[in-house]
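Chain by chain, the residues run as shown.
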Amino acid sequence: NINSSIQNLEYTFTSAIKKVVTGENPRIGFTEGNGELSDLQLSDALKSLSTTYEAGRVDLGVIDKNGLDRLKILFVTKPQRAFTEVEKYKLDYFVMKGGSLVWSIDQVSADLDSLRGKTEQLAFNKALNLDDMLFIYGARINYNLVADANCAEIPLAMGDGNQNQIQLAPWLYYPILLPDTSSALVKNIDGVRAEFVSTIDTIGVKGINKSTILSTSPYNKLHNTPKLLSLQMAAEQPEPRDYASTSKPVGVLMEGSFPSVFYNRTLPEGITTSYGNFEKSKPTRMIVIGDGDIFKNQVSATDNSVFPLGFDRFTKQNFGNKALLLNIADYLSSEDNLIALRNKDIKVRLLDKTKVRAEKLTWQIMNALLPIGLLALFGIFQHYYRKYKYTR
């Protein structure tokens, strides 16, 4: 952690100075109106971004062209209801004008809270009406669930009757996603906690460069949906041979000029004035993540108090979710590619502990007395030199 902090010092200082000099506070919006994460679930994300940016909620059903023009980044976080053609038209215009979109999508309806008190729950596909849009941009979020041996733990009641005890058990459907260390966007961040994740495929689109930023561990298994889920699965010991696989991409960065979904098409019903007929967007960036909960903070069930983003209140672990959010905001809002400074590797050389113990007193005396001795010698020299110079 110390080494990572030292590596990021140059980026931190340079980024802070740039923001002070320019005086700019880019606007970041989180969509609402389609069952996205609530203000409480996004509380820490909005609070963390507000120190540097203007962050708030955006209702795609209400916002107009002028409002979209003032936004720099737009997050779509875990929608539950299908998007209308009007809302998709506004999202497409936002991309065409050079805005950066972050898709954090659950393609499968599955929730741990719904499992409690039930024997089984059916995880089924959602109908968000976004597949065609993502396909044209160059990505596809698959209708599957990842079970990963590298996963987070959840509290479960163990025992019978009055002997129940709450214990932590690994939950394969809460994978710890691994950042791609070759990407400046996610370099030097910890594993990212996710919930009910789907894999992502990329589609060849001319002029779009794609790179994986988040992936599963090599020990995973894919389940097609619909699928029955049960908390009893947490007590089952996974068969190692079934989970021997390769890492699967679940987070993708796309950069370039994106084709328009509505090029040469009639205006959707509800749009009275055309926002423009674009064939391709201005050069911009887009991130697609196959999990809708990655930017969600945990909330206390007793008093609705908010825990920091990336903090697991059960295991008391901090994951890299907040660092990922801040990195994404910095990367998508900066045109100077300052985040490339994160690529610098600085090796911290450790001291020889045996030599330190043997020579500790010697070096302490030297460091304490030598500077004072040198200063005294310089003062004596300066005194006699001035005396010699001005008495001649």
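Residues numbered from 1 in each chain as written. Predicted model: local features only at pLDDT ≥ 70, side-chain atom pairs only at ≥ 80, totals over all residues. Heavy atoms only, no water.

1. Thoughts on empty space enclosed by the protein
Take a probe with the size of a water molecule and roll it over the atoms, and the empty space left behind shows itself.
In step 1: For the structure shown, the criterion picks out 2 cavities of 30 Å³ or more.
In step 2: By volume, the largest cavity is sized at about 90 Å³.
In step 3: As for the largest cavity, its lining consists of 14 residues, of which R193, D293, K296, G310 and N321 are closest to the centre.
In step 4: Within the lining of the largest cavity, the residues separate by chemical class into 5 nonpolar, 4 polar and 5 charged. (1 Å grid on protein atoms, 1.4 Å probe; cavity = no way out; pocket = protein on both sides within 12 Å on 5 of 7 lines; lining within 4 Å. Points joined across faces, edges and corners; volume = space filled by probe spheres on them. Nonpolar A, V, L, I, M, F, W, Y, C, P; charged D, E, K, R; others polar.)

2. Thoughts on the side chain of S104
In step 1: Relative to the elements of secondary structure, S104 occurs in strand β4 (residues 100–104).
In step 2: Those residues in contact with S104 that lie beyond four places of it in its chain are V76, T77, K78, P79, I289, D291, G292, D293, I294 and F295. (Helix = DSSP H or I, 4+ residues; strand = E, 2+ residues; numbered from the N terminus. Contact = heavy atoms within 4.5 Å.)

3. What to know about the nonpolar core
In step 1: Core analysis: the biggest nonpolar cluster contains 37 residues, and L91, L101, W103, Y137 and M254 have the highest contact counts within it.
In step 2: When residues of this core are traced back to their parent elements, those giving at least two are β3 (73–77), α5 (85–96), β4, α7 (131–137), β7 (139–141), β16 (249–256) and β17 (284–289).
In step 3: Of the residues forming this core, the biggest block, 7 residues, is contributed by α5.
In step 4: Leave out the neighbours within four places in its chain, and L91 touches L60, L74, V76, F83, L101, W103, M133 and Y137.
In step 5: Counting 33 residues, the second-largest nonpolar core is a separate cluster that includes I189, V192, I294 and L324. (Core = buried A, V, L, I, M, F, W, Y, C linked by side-chain atoms within 4.5 Å. Buried < 20%, exposed > 50% of the residue type's maximum accessible area, 1.4 Å probe, protein only.)

4. With respect to the pairing of strand β2 (residues 54–59)
In step 1: Bridge count for strand β1 (residues 27–32) against β2 is 6 bridges, and the pairing is parallel. Its bridge partner being in β2, I28 is matched across the sheet by A55.
In step 2: Read as a crossover between parallel neighbours, the route from β1 over helix α3 (residues 43–50) to β2 is right-handed. (Pairing = 2+ DSSP bridges. Right-handed = clockwise from strand over helix to strand, strands pointing away.)

5. Describing the pairing of β3
On a regular strand, one side chain projects to one face of the sheet and the next to the other, so that they alternate.
In step 1: In terms of burial, β3 is a largely internal element, 5 of the 5 residues being buried.
In step 2: Along β3, one buried face is formed by I73, F75 and T77 and the opposite face, lined by L74 and V76, is buried too.
In step 3: With 3 bridges joining them, β1 and β3 adopt parallel strand pairing. Across the sheet, the residue bridging to G29 is L74, located in β3.
In step 4: Where β3 and β4 come together, 5 bridges link them in parallel fashion. Within β4, the residue paired with F75 across the bridge is V102.

6. With respect to the sheet that holds strand β6 (residues 121–125)
In step 1: Strand order across the open sheet formed by 3 strands is β5-β6-β15, with antiparallel pairing between neighbours. In the strand order of this sheet, the two ends are held by β5 (108–109) and β15 (227–229), each with one partner.
In step 2: Judged from the 2 bridges that link them, β5 and β6 form a sheet pairing that is antiparallel. In the strand pairing of β6, S109 is matched with F124.

7. Quick word on the packing of α3 against helix α8 (residues 321–333)
In step 1: Where α3 contacts α8, the two axes come as close as 11 Å, and the packing angle between them is 45°. Looking at the two axes, α3 sits oblique to α8. As for how α3 packs across α8, the hand of that crossing is right-handed. Taking contact as the criterion, the partners of D44, A45, S48 and L49 in α3 are, on α8, K322, L325, L326 and A329.
In step 2: Within the contact of α3 with α8, the residues separate by chemical class into 5 nonpolar, 1 polar and 2 charged. (Axes fitted to C-alpha atoms, helices over the stretch in contact; angles between N-to-C directions. Parallel < 35°, antiparallel > 145°, perpendicular 65-115°, else oblique. Left-handed = near helix turned anticlockwise from the far one by under 90°.)

8. Here's the deal with unusual backbone geometry
In step 1: The linkage connecting T225 with the following residue, P226, adopts the cis geometry, with an omega of 5°.
In step 2: Along the chain, the position of P226 falls in the loop between β14 (220–224) and β15.
In step 3: One non-glycine residue, K78, lies in the positive phi region at around 55°.
In step 4: On the secondary structure map, K78 appears in the loop between β3 and α5.
In step 5: A relative accessible area of 10% means that K78 is categorised as buried.
In step 6: Even without a glycine there, the phi angle at K316 is positive, about 60°.

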